[in-house]
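A look at the structure
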Amino acid sequence: MSQMNTHCPQISLFPFPLTENELSWEASDWESAWDSGENKEEGATSTTGQKEPWLQDCVVSLSPCSDLLVVARQQKAVFLSAKWRTDDSGREEMTLAVSWTGTLSTDEGECVSSSICIPLASQKRSSTGRPDWTCVVVGFTSGYVRFYTENGVLLLAQLLHEDPVLRLKCRTYEIPRHPGVTEQHEELSILYPAALVTIDGFSLFQSLRACRNQVARAAAAGSDVIQPPPLAYKKWGLHDMDTIVDHCSVGIMTLCVFDQMKNASILGGFNASVKGNPPAMSQYVTVGGGPYTGFYYAVEGSTQPLLSHVAMAVASKLTSALFSAASGWLGWNKHKNEEEAVQKQKPKVEPATPLTIRYGLPDSRRHGESICLSPCNTLAGVTDDFGRVTLLDLARGIAIRMWKGYRDAQLGWLQVPEERVDREFSPSASLPRRHALFLVIYAPRRGILEVWGMQHGPRVGAFTVGKHCRLLYAGYRLMGVNSVTSKGWQLHTQQVCLLDPITGALRTVNIPFHLALSDKKSERAKDLHLLKRLTTLLRSRGVEPDILESEAKSALLDIKHPAIKKQALESLLSNKNAPVSCLTNITCALHDTLKQQDPEAVDIELLQLCSSQLKLLQLYTDIQQLHSTADIEACSKNVRGHTHAESLGKDLLMEWVEIKMSFANRGKMCSGFTDEKKMKRLINCDKISGQISATLLNCFFVWMQREKEVLQKPEETVRNLHTLLIALSNMPGAVEESWDSQSISPWWQQVRCTCIQSHNAAAALLAAFVAHRAAKASITSRADSKVGKSHLQSEWEAVSLDLEQWSVCVRQLEDVLVLQTLLLVPPPQGAAGGAAAQCSIKTLLEGGTGRLLRKISSGIYKQTKLLVAVCQRFPHSLSPDLLFAHCCWEYVVQWNKDSEVHIHTYIHTHKYSISAMMWSTFIVKRLSAAAYLMEKVGKAPKDRLCRRDIGMGDKAVTSFLGCCVRLLQILMEADSAVEEVSAPELSVEEVWCGAEGPASLAELALEQKGVHYPLVQHHCLLASLQHAAMTFSLKLKPLSLFDSKGKNAFFRDLTTIQLMPSGDMDPGLVSIRQEFLLRVLTSWVQAIDDPSSSASADWWPSLCLELGSLLQVNPDILRRHLVCELYNQGLDLRAEEVMLEVEDKDVLGSQLLVLTGQRLSYSLLHSQSQTQGAMELLARLPPTLCTWLKAMDPSELRCPLVPLPQTSRLVGRLIEILPENHAQYSLGLHLLEAVEALTTED
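Criteria and thresholds
Counting restarts for each chain: residues are numbered from 1 in the order of the written sequence. Per-residue local features of the predicted model are confined to residues with pLDDT of at least 70, and side-chain atom pairs are confined, for both listing and counting, to 80 or more; whole-chain, interface and lining totals are unaffected and use all residues. Only hydrogens and water are set aside; all other atoms, that is, all heavy atoms of the structure, feed into the side-chain values. UniProt positions are given in the numbering used here, feature names are shortened, and annotations may be inferred rather than shown by experiment. Numbering goes from the N terminus for both helices and strands, where a helix is a DSSP run of H or I of at least four residues and a strand is a run of E of at least two. A simple rule labels every residue: compare its accessible area, found with a 1.4 Å probe on the protein chains alone, to the largest value its type can have, and call it buried under 20%, exposed over 50%, or partly exposed in between. In what follows, a contact means two residues having at least one pair of non-hydrogen atoms within 4.5 Å. For helices, the fitted line uses only the C-alpha atoms of the stretch in contact; every axis is such a line through C-alpha atoms, and the angle between N-to-C directions lies from 0 to 180 degrees. For classification purposes, angles smaller than 35 degrees are called roughly parallel, those larger than 145 roughly antiparallel, those between 65 and 115 roughly perpendicular, and all remaining angles oblique. Classification convention: Asp, Glu, Lys, Arg as charged; Ala, Val, Leu, Ile, Met, Phe, Trp, Tyr, Cys, Pro as nonpolar; all other residues, Gly among them, as polar. Only Phe, Tyr and Trp rings are paired, with Trp represented by its six-membered ring, and only when their centres lie within 6.5 Å; those with planes under 30 degrees apart are stacked, over 60 edge-to-face, the remainder tilted. By definition, being over a ring means that NZ of Lys or CZ of Arg is both within 6 Å of the ring centre and within 35 degrees of the ring normal. Paired strands are those between which DSSP finds at least two bridges. Take the far helix as the reference: if the near one is turned anticlockwise from it by less than a right angle, the crossing is left-handed, and if turned clockwise, right-handed. Our working definition of a disulfide is a cysteine sulfur pair at a distance within 2.5 Å. Charge assignment in this entry is limited to Lys and Arg as positive and Asp and Glu as negative, and neither His nor the chain termini are counted. The term salt bridge refers to a side-chain nitrogen of Lys or Arg lying within 4 Å of a carboxyl oxygen of Asp or Glu. In the analysis that follows, any N or O atom pair within 3.5 Å is treated as a polar contact, provided that within protein one partner can donate a hydrogen and the other can accept it, and provided that, for residues neighboring in sequence, both atoms belong to side chains. The length a helix should cover is 1.5 Å for every residue beyond the first. An arc is given here, and it is the one of the directions from the helix axis to the C-beta atoms. Joining through side-chain atoms within 4.5 Å is the link that ties buried Ala, Val, Leu, Ile, Met, Phe, Trp, Tyr and Cys residues into a set, and such a set is a nonpolar core. Confidence scores here are pLDDT values: one per residue, from the predictor, ranging 0 to 100. Like charges within 9 Å and nonpolar side chains (Val, Leu, Ile, Met, Phe, Trp, Tyr) within 5 Å are joined into patches, using only residues over 30% in relative accessible area that form no salt bridge. Note on areas: Shrake-Rupley, 1.4 Å probe, and residue coverage restricted to the protein chains presented here.

Going by an unreviewed UniProt entry, the chain carries the name RAB3 GTPase activating protein subunit 2 (non-catalytic) and comes from Sander lucioperca. Under Sequence similarities (unreviewed entry), UniProt gives the following word-for-word description of the chain: "Belongs to the Rab3-GAP regulatory subunit family." A UniProt comment under Subcellular location (unreviewed entry) is attached to the chain, and it reads "Cytoplasm".

Comments concerning the overall build of the chain
Along the backbone of the chain there are 41 helices and 30 strands. When the 1242 residues of the chain are sorted by exposure, 49% land in the buried category. In the chain, 69% of the contacts between residues at least 6 apart in sequence involve partners at least 24 apart.

Points about the packing of helix 7 (residues 523–539) against helix 9 (residues 562–573)
Any two packed helices are characterised by the angle at which their axes cross and by the distance between the axes. Across the interface, helix 7 lies against helix 9 with an axial gap of 10 Å and an inter-helix angle of 0°. As far as their axial angle goes, helix 9 and helix 7 are roughly parallel. When helix 7 is examined against helix 9, the residues Arg524, Asp527, Leu528, Leu531, Leu534 and Leu538 are found in contact with a partner set consisting of Ile564, Gln567, Ala568, Ser571 and Leu572. Here the residues of the contact of helix 7 with helix 9 sort into seven nonpolar, two polar and two charged.

Looking at the packing of aromatic side chains
Two numbers describe a pair of aromatic rings. These are the distance of the centres and the angle of the planes. Taken as a whole and assessed by the stated rule, the structure comprises nine aromatic pairs. Relative to tyrosine 359, the ring of phenylalanine 295 lies with its centre 4.7 Å away and its plane at 25°, an arrangement referred to as stacked. Of this pair, phenylalanine 295 sits in strand 16 (residues 293–299) while tyrosine 359 sits in strand 19 (residues 357–361), and the two are 64 residues apart along the sequence. The exposure class of tyrosine 359 is partly exposed, given its relative accessible area of 28%. An aromatic cluster is present here, built from Tyr932, Phe1042, Phe1050 and Phe1051 joined pairwise through their rings. Above the plane of the ring of phenylalanine 140 lies arginine 146, whose end atom (NZ or CZ) is 4.5 Å from the centre. Stacked on the ring of tyrosine 144, the Lys or Arg arginine 146 has its end atom at 4.6 Å from the ring centre.

With respect to the sheet that holds strand 25 (residues 435–443)
On the basis of which strands lie adjacent, the open sheet formed by four strands has the order 24-25-26-27 and antiparallel pairing. Two strands bound the open sheet, and with one partner strand each, they are strand 24 (410–417) and strand 27 (459–464). Adjacent strand axes in the sheet meet at a mean angle of 20°, parallel and antiparallel pairs treated alike. Bridging between strand 24 and strand 25 involves eight bridges; their strand directions are antiparallel. Bridge pairing links glutamine 415 to leucine 437 in strand 25.

A look at the packing of helix 31 (residues 1013–1032) against helix 33 (residues 1067–1086)
One can describe the packing of helix 31 onto helix 33 by two numbers: an axis separation of 10 Å at closest approach and a directional angle of 45°. Compared by their axis directions, helix 31 and helix 33 come out oblique. Read as a crossing pair, helix 31 and helix 33 show a hand that is left-handed. Contacts between helix 31 and helix 33 pair Leu1025, Ala1028, Ala1029 and Phe1032 from the former with Phe1076, Val1080, Ser1083 and Trp1084 from the latter. Among the residues forming the contact of helix 31 with helix 33, the class breakdown is seven nonpolar, one polar and no charged.

Observations concerning the state of the cysteines
Evaluated as defined, the whole model comprises zero disulfides. For cysteine 170, which is in no disulfide, the shortest distance to another cysteine sulfur is to cysteine 135 and amounts to 9.9 Å.

Digging into the side chain of glutamate 186
Checked against the element boundaries, glutamate 186 lands in the loop between strand 10 (167–171) and strand 11 (187–191). Comment: no salt bridge for buried glutamate 186; closest opposite-charge side chain is arginine 171, at 9.1 Å. Of note is the side chain of glutamate 186, whose polar atom sits 3.4 Å from the backbone nitrogen of valine 481. Aside from chain neighbours lying at most four places away, what touches glutamate 186 is Arg171, Thr172, Tyr173, Ile199, Asp200, Gly201, Phe202, Leu478, Met479, Gly480 and Val481.

Examining helix 8 (residues 545–558)
Look at helix 8: 20 Å from first C-alpha to last across 14 residues, which is about the 20 Å you get at 1.5 Å a residue. Looking at helix 8, one finds that the buried residues are Leu548, Glu549, Ala552, Ala555 and Leu556. All buried residues of helix 8 fall inside an arc of 145° around its axis, so they share one side. Where helix 8 is buried, its residues contact helix 7, helix 9 and helix 10 (580–596).

What about the nonpolar core?
Among the nonpolar cores identified, the biggest contains 111 residues, and Phe1076, Val1123 and Leu1152 are the most heavily contacted of them. Sorting elements by how many residues they give to this core places helix 27 (residues 911–937) first, with 15 residues. Ranked by size, the runner-up nonpolar core spans 30 residues in total, among them Ile116, Val153, Ile199 and Tyr476.

What about the confidence of the model for the chain?
The predicted model of the chain has a mean per-residue pLDDT of 75, with 69% of residues at 70 or higher. Predicted confidence is poor over residues 685–692, with pLDDT under 50, and the contacts of this stretch with residues over four places away or in other chains come to nine contacts. Scored below 50 in pLDDT, residues 904–910 shows 19 contacts in the model against residues more than four places distant or in partner chains.

Here we look at a nonpolar patch on the surface
Together, Val257, Met261 and Val274 make up an exposed nonpolar region whose accessible area comes to about 260 Å². By relative accessible area, which is 47% here, methionine 261 ends up partly exposed.

Focus: the environment of valine 1011
In this structure, valine 1011 sits in the loop between helix 30 (1001–1006) and helix 31. Judged by its relative accessible area of 10%, valine 1011 is buried. In this structure, the C-alpha to C-alpha distance between valine 1011 and aspartate 1053, residues 42 residues apart in sequence, is 8.5 Å.

Now the structure itself:
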């Protein structure tokens, strides 16, 4: 497909890589549901390793704007939205990334059978044709049709018929191209096996907008139910066909009088009466069997629209509805049992209005498979089970063309308007703009994509593609557009796209208009043929110059279109083999031809190109003659006959050429800048002074580019430069005589622009100083010459606007020099290096106020002293707050490039907005990948899986999750104090007030919306759980710790209001949460002995208690467990500190009693160093206590060797916290006596 020339369709790639995390289906439960619930191992292969034709089993639909792709299978669906991303080379490209996944079906046993994506037009006056949002319409085998937003929010659910939905199709508004064409209304048509339902587009558009707004209000207000408006629809019962598998709604048509009389005579007989006005009818065409194709006509006004019972789910019910079967999905302000009853009770289904077939194409053996309507509503392509593609004329009801050998073919249409450039030079320019129609046929059995011209045109293109692709043709555009709102719009829609599941590429098909024209009528095709012939001629070698000139001139003059003629001329001039004389003659002939034509019909750009190229060729010829040895010898023989002035002029011209060539070749410093006499001699020559001025300005620019040579001999080079500028400024014509000192001189403005554009700040600053002094001297001399000197005037200094501009330029160059010095300092060893940063006044002014901060933040680590100097030069632009914010952003950008390095959360004053931007731009994507990976494997993933799915190692993931927690905590802290801190005022230095360009990071940060605190806290909770699991290598499925509401709220925009979990949680879920937190505390206690590990940080217990309160886990259970674990580890002093906060002392006492018994049992029964006294004490113990101690298992103690005084202190604490009426109080007293006896013996 990539090997195409101008005669073939252009198919541009629109890739969305399947290997990216967004499309790694195995990272979610989406794929597991498709694989019949089979569990996968950790090293499961990606989706690309599945069998190739997996896409054929799915229901796929693409929005006409190519910004939303829906892939569904059985009950599950995935929504992919268009997003911009930057690849490794820094090139931005559009990709389709997963934006929502979930289960769409709600009734038991129903599956997705059809879907379409309808973009809805914006109602704002500033809209230019982009959709406001996209509605996903899904049909099910149960007969339900449900409407979703692009985020998976259910808006409407409607049961229109109790049979499976076969096809969903849409028709939108198109501007009539010809007068008399009936304006078609928007419509959504739903096909059932024996019925057809049509919904008016305007009513649907208004209802969807209202439902979407109501869902947003309900979610914001927390309400549960809003009664949606009913949809108006028409339902037709299709009779007289055995089977129907597909349909198309052609629209409203009006018969002419003759056709009306013919139909009346056929249907009613000889005596049939004919009405005065032909009725308007809606035409529907169906395909299937018996007959193969059927034509139905429904007279407008013959039936009234039906109003059906509508079911609606709002946002407050949605998150628990789609994934939780317990809560139900219909909620109408009833209790749970009532909701279940409503769900089981299907709405009332209205009966269909019978509609008989008018006529058809009978073929008993042929069965139609699909039908595709053309954009002009006059043709349709039909595929059948015989491998044929049939072209139907819908107005006449006949087949006009058939293609063979296209089994399982997929069809699409392309309507291409005539190019405006071709239109202007077309003989039919006064007629309406022409459109060409092409039929696109994809034959999957052969893996070929063909494009055919209509109606009897040839095949204009054929491309080899994969055998498992899907041709996506919408056949509609934006809904909600009419003749008024569409004025001035440019609808950005694609007509035909090809989806390749193997490579993950979405290709759009584009056809040039001229391919629809025959060779005799297509001037563009002829011109392209001439261009190709000229290119072939130029590539061939050994062609005689005379033949080359003749053939090239003939081809160039025969080309009609200016654009192709310009392309041919540029190809000719860029050819290295063509002689200069040949190029000159051909260009001159073309120039003369254009001059002879009508001035209004001539392309001005082409004429200017010819004129400039002729001058350049003539100059080249003159220079070549001057350098010719034969010409020089001829001149030396006849020099006596020439005047001295002529000889001087030629010598000066030669010197000027030498200067120009030496600077163009970037050689050594030319003698013109070092020889003051030669410079003045050149400048004072009136004959070529105008040409020298422009050339020497270029030399001035080259002088600044040789910064090293200038700085080696600064005195000499600066003196010569001052001489040059003084001489140039005094040259006749450089500064106009009428110039006023209070206006800007064009001459000095050119010199200033050269300094402003230079990236060599040191040389540019020297040049600016010299130019400033030269300008001051020139302006003073001009002022003195205009006004006679007097004693009063000599005391005044000449002031002009140019001098002020030079002062600003010098100050800016000083700032740039300091900045460039900082940027050129090499980074420290081990830091990421790169190309030396280039900056100039122009780049800083055009890059906006953020350009300076971006450069500084990238080099902040280089030199502190230089940074202080730069900050002193830019006190406002480099204020500490802005500098810290940009440094934070630069750190995150660098981390995003190399995720193995530690991510810094170094945020200062603007932490609220910067944190939100960091989260949405860099963090949330990797956090979601980590969550889905841990959910899949059920534990802390290994290094290999982390690198594959998250893009970093397991240690880096642990550090990253900890930084995510800190980042979200910063967001919550900043959100709490956002009303107390006023927004900072952004200012810039006076000399840099003219900066223009994109908004700076600080400006973007101040424009950020406020975050939703509960949603931030919700994500912080998830990140903390993940961080704990990775730190202590625990088993965890993080998403399984939340209900359906909590799962749906994850990874949403933090500024949106989502439905959060509320009320008492399921006890089983709380038990799982409690078990995980207890494991975290146990792991922390075990890691205390390693102070170098991050797992031994003292804040883990307080974090677990905080998480417990958020997860509805009793914090007292966590404290008691922590006390027991600390005693188990032998950390009695820490345990005593935590014991003070325990509320339920009785339970804690019982737990510590067992732990004390284990210690005493180890000392008396299991210790290898048992003493005689210990054995005697054991014999003196009460039998109950002795039996109890023997039942203890000391192996559960991690630190059994605890000093007896600590155990004695523990028993004392036990007696204090146990009440006297406790069942085990007496046992505690016996333990106390035993420990005291052991202590006394020791």
